[in-house]
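Summary of the model geometry
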Amino acid sequence: MSTIVAKSSILLILTFIMLVFPSVLATKTPFKESKPCKRLVLYYHDILFNGTDASNATSAAVANATGLATPHKFGMLVVFNDPLTKDHHLLSPAVGRAQGFYFYDMKDEYTAWFAYTLVFNSSEHKGTLNIMGADLMYDKTRDLSVVGGTGDFFMARGICTFQTDTFQATKHSIKESKPCKRFVLYYHDTLFNGTDVNNATSARAANATGLGNYKFGMLVVFNDPLTKDHHLLSPAIGRAQGFYFYDVKDDYTAWFAYTLVFNSSQHKGTLNIMGADLMYAETRDLSVVGETGDFFMARGICTFKTDTFQGANYFRLQMDIKLYECY
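Structure report, in brief. The model shown is predicted, which means the values in this text are computed figures rather than measured ones.

What follows concerns the pairing of strand E19 (residues 314-325). A regular strand places its side chains so that they alternate between the two faces of the sheet. When you tally the buried positions in E19, you get eleven out of twelve residues, the bulk of the element. Here strand E11 (residues 181-190) runs beside E19; their pairing, made up of ten bridges, is antiparallel. Directly across from Lys181, in E19, lies its bridge partner Leu323. In the sheet, strand E18 (residues 299-310) pairs with E19 via eleven bridges, with the strands oriented antiparallel. By the bridge assignment, Ile301 is partnered in E19 with Lys322. The loop that links E18 with its antiparallel partner E19 comprises three residues; one of these, Gly311, has a positive phi angle of about 65°.

Right under this line is the structure:
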């Protein structure tokens, strides 16, 4: 992936190997690596915004490199919304988008850490795959983890293998069944406007870039109250702690990674959630990828529904959380 350094246009061949447990029972037995139940080869095209090419750019630097490492860009954060194709041609029909971020994280070598969602919307596939891990660019191939999926890829897990100039994907799927646990919560976000310190629960950590008119690259860190109904002043049963950023230049969509921290008489523990929030859809599925306490090792789906939106300063989400692996 050294081409990230040399030029602003990147083509990766990504190989996904996806392995999912055959059941969602609370007790599972270890499994050996075996032939994937599904394998996909896709191509991921990244064109970094250079300050002028807004029409063609698909990613932008949100945070500049620190002074810790030159020329290895330590700390540089890039938000992307890149097309996925079935061959290596940039102008081939897109079968989906890769939405997320990466940052450079070594001072004496080019390596990066990725967290992103593949959003499929084609006649062949509909749904998402969530991927995260370290991209050790000096290796010819690099394995990242597929940590969750929705839609056609419901609850999928596996491996995504990066190869610069190639993308290959393999995964195993399981049948959707009745959740072992389900609950609905409301998430209240009050964005800091520069003066309301007492009421604000989130703040911009990075401003929007100049790429498009939909706040591309704007990063918000939040610590928001969770309630069992839609009233902001109802007793909080926990907090939603994490971040989101806007990642499309021609529409409002965002990418979330956060933890629900519970501390009530009913629940104690955490739920970790990540994925793309396609705001134009009435409901959007994100992946529940890991948990602790009362939710130890649970996995499932969190369905977003916008309950109210009051300009830039306040929004409320309904979260329908369905767990399919419970212990």
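Our focus in this paragraph is the state of the cysteines. Scanning the entire structure with this criterion turns up one disulfide. A sulfur-sulfur separation of 1.9 Å characterises the disulfide bridge that pairs Cys180 with Cys326. On the sign convention where negative means left-handed, the S-S torsion of about 80° between Cys180 and Cys326 marks this disulfide as right-handed. Taken together, the residues Cys180 in the loop between strand E10 (166-172) and E11 and Cys326 in the segment after E19 connect sequence positions 146 residues apart.

Enumeration according to the criterion identifies 39 aromatic pairs in this entry. Taking the centre distance of 6.0 Å and the plane angle of 70° together, the rings of Phe256 and Tyr258 count as edge-to-face. Of the two residues examined, Phe256 and Tyr258, each falls in the buried class. An aromatic cluster of at least three residues, connected via ring pairs, comprises Tyr187, Tyr214, Phe222, Tyr244, Tyr246, Tyr252, Phe256, Tyr258, Phe304 and Phe315.

In this fold, Asn130 is placed in strand E7 (residues 126-135). Since its relative accessible area comes to 0%, Asn130 is described here as buried. Among the polar contacts made by the side chain of Asn130, one reaches the side chain of Thr117 at a distance of 2.5 Å.

What counts and how
- Residues numbered from 1 in each chain as written.
- Predicted model: local features only at pLDDT ≥ 70, side-chain atom pairs only at ≥ 80, totals over all residues.
- Heavy atoms only, no water.
- Buried < 20%, exposed > 50% of the residue type's maximum accessible area, 1.4 Å probe, protein only.
- Helix = DSSP H or I, 4+ residues; strand = E, 2+ residues; numbered from the N terminus.
- Pairing = 2+ DSSP bridges.
- Disulfide = S-S within 2.5 Å.
- Phe/Tyr/Trp six-rings, centres within 6.5 Å; stacked < 30°, edge-to-face > 60°.
- Polar contact = N/O pair within 3.5 Å; in protein donor to acceptor, adjacent residues only side chain to side chain.

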